[in-house]
Amino acid sequence: MILVLNGPNLGRLGTREPDVYGADTFEDVAALCRDTGKKLGEDVEVRQTDDEAELIRWLHEAADGRIPVVLNPAAFTHYSYAVRDAIAQRTAPLVEVHLTNPAAREEFRHNSVVAGVATGTIAGFGLQSYVLALHAIAELNTTS
Ligand code: DQA
């Protein structure tokens, strides 16, 4: 089982700034993640919330269950020490993903407060960022 967790505004993909995030909807992201999971032989559950407290509860659930996570923290990436502290409690792998490359965008997106407690980060490949992250976790699961 792998949890794919998504933060604020990602549920609005498709209509949200399509020039930046593309035309694919959040349901397209979720379907692609589930399909990738099938190919990898892993159960994938995809969730999205605009609520920091809910995201933190899900991260606690992952920590308690030692469940690997693909996380797009969205804007929380740049300022949520609470999300960072929740991630720091995990023992299973957690890959931070972004559709865009925040380092190539506005200054305030250049810093990730969660990157230092993630296993690694994949950013800038659109929907493929999620596919690459799921492959990375599957690879870690088979080699560890
Ligand atoms: C994002 C990048 C963040 O800076 C932004 O706040 C998002 C989406 C991405 O996937 O590219 O909401 O995480």
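This report concerns the structure included in the present document. (Residues numbered from 1 in each chain as written. Predicted model: local features only at pLDDT ≥ 70, side-chain atom pairs only at ≥ 80, totals over all residues. Heavy atoms only, no water.)

Concerning the site of the ligand
Basically, it comes down to this: Here a residue is near a molecule or strand as soon as one of its heavy atoms is found within 4 Å of it. Two N or O atoms count as a polar contact when they lie within 3.5 Å, although within protein this holds only if one can serve as hydrogen donor and the other as acceptor, and sequence-adjacent residues are included solely when both atoms are side-chain atoms. Ten residue types, Ala, Val, Leu, Ile, Met, Phe, Trp, Tyr, Cys and Pro, are classed as nonpolar, four, Asp, Glu, Lys and Arg, as charged, and the remainder, Gly among them, as polar.
Within the structure, the ligand sits among Arg16, Tyr21, Asn72, Ala74, Ala75, His78, His98, Leu99, Thr100 and Arg109. The contact in question runs from an oxygen atom of the ligand to an N or O atom on the side chain of Arg16, over 2.9 Å. A distance of 2.6 Å is found between an oxygen atom of the ligand and a side-chain nitrogen or oxygen belonging to Thr100. In the shell around the ligand, the residues fall into four nonpolar, four polar and two charged.

Comments concerning the sheet that holds strand 4 (residues 94-98)
For the record, the criterion: Two strands make a pair as long as DSSP finds a minimum of two bridges between them. Strands are runs of DSSP state E lasting at least two residues, helices are runs of H or I lasting at least four, and both sets are numbered from the N terminus onward. Every axis corresponds to a line fitted to the C-alpha atoms, with the helix fit spanning only the stretch in contact, and the corresponding angles, defined between N-to-C directions, vary from 0 to 180 degrees. Only heavy atoms enter the contact rule, under which two residues are in contact if any of them lie within 4.5 Å.
Here we have five strands laid out as an open sheet, ordered 2-1-3-4-5, and parallel in their pairing. In this open sheet, the two edge strands, each paired with only one partner strand, are strand 2 (44-48) and strand 5 (120-123). Averaged over all pairs of adjacent strands, the angle between strand axes in this sheet comes to 20°, irrespective of strand direction. Pairing geometry for strand 3 (residues 69-72) and strand 4, over three bridges, is parallel. Within the sheet, the bridge partner assigned to Val69 lies in strand 4 and is Leu94. Against the sheet, helix 2 (residues 26-40) touches strand 1 (2-6) and strand 2, its axis set at about 160° to strand 2. The strands touched by helix 3 (residues 52-65) are strand 1, strand 2, strand 3 and strand 4; relative to strand 1, the strand with the most contacts, the crossing angle is about 165°.

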